Amino acid sequence: MASSDKTIDDSLYPIAVLIDELKNEDVQLRLNSIKKLSTIALALGEERTRSELIPFLTETIYDEDEVLLALADQLGNFTSLVGGPEYAMYLIPPLESLATVEETVVRDKAVESLRIVAAEHSAQDLEIHVVPTLQRLVSGDWFTSRTSACGLFSVCYPRVSQPVKAELRANFRKLCQDETPMVRRAAASKLGEFAKVVEIEYLKSDLIPNFVQLAQDDQDSVRLLAVEACVSIAQLLPQEDVEHLVLPTLRQCASDSSWRVRYMVAEKFVDLQKAVGPEITRVDLVPAFQYLLKDAEAEVRAAVATKVKDFCANLDKANQVHIIMTSILPYVRDLVSDPNPHVKSALASVIMGLSPMLGAYNTVEHLLPLFLIQLKDECPEVRLNIISNLDCVNDVIGIQQLSQSLLPAIVELAEDSKWRVRLAIIEYMPALAGQLGQEFFDQKLRGLCMGWLNDHVYAIREAATLNMKKLVEQFGAQWAEQAIIPMILVMSRNKNYLHRMTCLFCLNMLAEVCGTDITTKLLLPTVLLLASDPVSNVRFNVAKTLQKISPFLDSSVIDTQVKPTLEKLNADTDVDVKHFASEAIAAIAAAEATNGRE
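Residues numbered from 1 in each chain as written. Predicted model: local features only at pLDDT ≥ 70, side-chain atom pairs only at ≥ 80, totals over all residues. Heavy atoms only, no water.

In the nomenclature of an unreviewed UniProt entry, the protein corresponds to Serine/threonine-protein phosphatase PP2A 65 kDa regulatory subunit isoform X3 from the organism Musca domestica. What UniProt records for the protein under Sequence similarities (unreviewed entry) is the sentence "Belongs to the phosphatase 2A regulatory subunit A family." (UniProt positions renumbered as here; feature names shortened; annotations may be inferred.)

## Description of the overall build of the protein
Across its full length, the protein holds 35 helices and zero strands. For 598 residues, the compact-globule estimate of 2.2 N^0.38 gives 25 Å, and the protein exceeds it by more than 25% at 35 Å. Along the longest, intermediate and shortest principal axes, the C-alpha atoms of the protein span 90 × 85 × 40 Å. Scored against the burial criterion, the 598 residues of the protein give a buried share of 52%. Intrachain contacts of the protein at a sequence separation of at least 6 include 68% that bridge at least 24 residues. Distance between charge centroids for the protein: 5 Å, based on 57 positive and 80 negative side chains. (Helix = DSSP H or I, 4+ residues; strand = E, 2+ residues; numbered from the N terminus. Rg over C-alpha atoms; globule rule 2.2 N^0.38 Å. Buried < 20%, exposed > 50% of the residue type's maximum accessible area, 1.4 Å probe, protein only. Contact = heavy atoms within 4.5 Å. Lys, Arg positive; Asp, Glu negative; His and termini not counted. Charge placed at Lys NZ, Arg CZ, Asp CG, Glu CD.)

## Quick look at the side chain of R500
When you line up the elements, R500 lands in helix α32 (residues 497-529). At 3.0 Å, the side chain of R500 forms a polar contact with the backbone oxygen of K495. If sequence neighbours within four positions are ignored, R500 has contacts with M491, S492, N494, K495, L530, D533, P534, V535 and V538. (Polar contact = N/O pair within 3.5 Å; in protein donor to acceptor, adjacent residues only side chain to side chain.)

## Re the side chain of S145
Tracing the backbone shows S145 in helix α9 (residues 143-149). A residue is classified by how much of its surface remains accessible, and S145, at 5% relative accessible area, is buried. Within the structure, S145 has its side chain in polar contact with the backbone oxygen of W142 (distance 3.1 Å). Other than its neighbours up to four places away in sequence, S145 contacts A99, T100, L137 and G140.

## Looking at the nonpolar core
Core analysis: the largest hydrophobic core is formed by 207 residues, its most contacted members being F78, V308, I351 and I484. With 13 residues, the single largest contributor to this core is α32. Ignoring any residue separated from it by four or fewer positions in sequence, one finds V308 in contact with F289, L293, I328, V332, L347, V350 and L354. (Core = buried A, V, L, I, M, F, W, Y, C linked by side-chain atoms within 4.5 Å.)

## A few points about helix α23 (residues 355-375)
Its 21 residues place the ends of α23 only 16 Å apart at the C-alpha level, less than the 30 Å of an ideal helix rising 1.5 Å per residue. At N362, α23 shows its largest bend, some 100°. (Expected span 1.5 Å × (residues − 1). Bend = angle between axes of the 7 residues up to and from the residue.)

## Details of the pattern of salt bridges
If you walk through the whole model with that rule in mind, you get 24 salt bridges. A salt bridge links K204 to D241, with the shortest nitrogen-to-oxygen separation between them at 2.8 Å. Of this pair, K204 sits in helix α13 (residues 200-215) while D241 sits in helix α15 (residues 239-254); the two residues are 37 residues apart in sequence, bridging distant segments of the chain. For D241, a relative accessible area of 9% gives the class buried. Between D256 and R223 there is a salt bridge, with the nearest N and O atoms lying 2.8 Å from each other. One end of the pair, D256, is in the loop between α15 and α16 (259-267); the other, R223, is in helix α14 (residues 220-236), with 33 residues separating them in the sequence. Per residue, the accessibility class of D256 equals that of R223, and both read buried. In this structure, a network of salt bridges that share partners links the residues D73, K109 and E112. (Salt bridge = Lys/Arg side-chain N within 4 Å of Asp/Glu carboxyl O.)

## Considering the packing of aromatic side chains
Throughout the structure, instances matching the rule amount to 11 aromatic pairs. A centroid spacing of 6.2 Å and a plane angle of 45° characterise the contact between Y87 and Y90, whose relative ring orientation is tilted. The class for Y87 is partly exposed, based on a relative accessible area of 31%. With a centroid separation of 5.4 Å and an interplanar angle of 85°, the aromatic rings of Y157 and F194 are classed as edge-to-face. Of this pair, Y157 sits in the loop between α10 (153-156) and α11 (162-176) while F194 sits in helix α12 (residues 181-195), and the two are 37 residues apart along the sequence. Taken individually, Y157 and F194 each receive the classification buried, so the pair is uniform in this respect. In this structure an aromatic cluster arises from ring pairing among F153, Y157, F172 and F194. Above the face of the Y87 ring, R50 is positioned so that its terminal group lies 3.8 Å from the ring centre. The positively charged end of R50 is found above the aromatic ring belonging to Y90, 5.8 Å away from the centroid. (Phe/Tyr/Trp six-rings, centres within 6.5 Å; stacked < 30°, edge-to-face > 60°. Lys NZ or Arg CZ within 6 Å of the ring centre and 35° of its normal.)

## Observations concerning the environment of R30
Position of R30 among the secondary structure elements: in helix α2 (residues 27-35). Note on R30: relative accessible area 8%, which makes it buried. In this structure the C-alpha to C-alpha distance between R30 and D20, which are 10 residues apart in sequence, comes to 9.0 Å.

## Comments concerning the packing of α13 against α14
With their axes 9 Å apart at the nearest point, α13 and α14 run at an angle of 155° to one another. Between α13 and α14, the angle is such that the two are roughly antiparallel. Pair α13 / α14 crosses with left-handed handedness. Of the residues in α14, those in contact with I200, L203, I208, F211, L214 and A215 of α13 are V222, R223, A226, A229, C230, I233 and L236. Residues that form the contact of α13 with α14 fall into these classes: 12 nonpolar, no polar and one charged. (Axes fitted to C-alpha atoms, helices over the stretch in contact; angles between N-to-C directions. Parallel < 35°, antiparallel > 145°, perpendicular 65-115°, else oblique. Left-handed = near helix turned anticlockwise from the far one by under 90°. Nonpolar A, V, L, I, M, F, W, Y, C, P; charged D, E, K, R; others polar.)

## Remarks on the environment of V101
Examined against the element boundaries, V101 turns out to sit in the loop between α6 (92-98) and α7 (104-120). With a relative accessible area of 16%, V101 lands in the buried category. For the pair V101 and D65, spaced 36 residues apart in sequence, the C-alpha to C-alpha distance is 9.0 Å. Contacts of V101, omitting those with residues within four sequence positions, involve L68, V106, R107 and T144.

## Regarding the packing of helix α19 (residues 298-305) against helix α22 (residues 341-348)
Between α19 and α22, the least distance of the axes is 8 Å, while the angle of their chain directions is 5°. What the angle tells us is that α19 and α22 run roughly parallel. Taking contact as the criterion, the partners of A298, R301, A302 and A305 in α19 are, on α22, H342, V343, A346 and L347. Taken together, the residues of the contact of α19 with α22 sort by class into six nonpolar, one polar and one charged.

Written out as structure tokens, the structure reads:
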């Protein structure tokens, strides 16, 4: 008897600990306890989880938001712990309570979990347990329960009987007309999702009137959410229905008095275009697009400017060039000199993408002048966005035309006062060099690349050394030997120690791409010379460089030239020089041992 009492006591222990921790004053302890719910449920077993743990949780929902959020999250994955789908209804009461609390993130998480649990119910249980819960939330006194109700319609509707479906549609209509803006906002945000599961005849008769009403709401926060629903509804309807059921509302949204609604139309414009098809786009969306490109609010112009390329790309191919040239480009031309830098920057990030659509002649005649204006824009971001997309244009008009038109502007940007602009040009240089060819590069751009090695900003010097390596990969070691290595070696004699350091960084990089002969003959003597440099920073970089270039040297050269220099540096008075020299000695020895074993 005593042992069976002890067993009962042991089995009660987990719930007792939970109750103690959930009542603890320390929020963290309560939170930890909630996060261990699944472990406690496993210890209790399915039956006691249903009969003791869930009722206890339902009765004690009055805690800190952080604890409630964790509880709402846990309960979504609890179906297997209460005995599987046939017992999923036990999870509804605590989640229903959580779906009515004041904190939005808790309600959202509770609705998310309710959706998971509802999907696990059988069709019969759904009508018996979930639909009544939805109806209670719909008729709740507090707006919090009514906002939560909006998220459950789409998960219940497909699997219930026709009379219940009619009831759900009536309930949704009631929420769309709710006196509280927060509820109408929640209904508008879920309208598109609900539209996807409703039969087409009821979509037209029941939901579209709701959509039209929400799109005319006196709150702009409701109207802008109706724009999202517009995309979903347009995708579901045949073309002729879109024209008379959706388009009037869309036109109204595009010229809404609130800039937030117009901004949302701009954001969703390409999705709307894909949903309505080419004919409606040509007749209705092109004028709306023009209207937004001229919008009074900079945020709207910037949003629609980012869509220019995608909108044009999705135009009907037969009329694409004509529509761009006559209906889009004149408006784009105005945006190039927009007073707002964000608008110009947004346009600069996509305008190059029009080149492949318009072809060589139109690009040269109409787009190149716009690119040149943008390359000279006072806003660095505009210039950067143009530079980083030059390859689109090169593919269309060829490098000769590009170099004649844009090279002067690129040279100007290479010496820009903003270092990020110079950095963008450096990063683009290897690709540009490949397109221009060696001869043209040597004439026009090699001097620029050498100049960057002496820049006063470290990030530019670092990028310039990597740039040298990429250029050698492009043009070959022989070009490097004749064209750039002599100019780099001159830097080793510069009075400024930073230039001597940059020389070392370049030699590091070049050894990888120049091969053993050039490294031994041209690069190594300069590195060894700098081992006697008066500045300790240069000397310890010599040690690091010798370690890096040693894999590209013959063992005889390492024994006769590299090792003696490193031994000398290992006896240096500067502690950093000694440290890097000893590291290099050890690394070279390890590499030799590995090679010996191989």
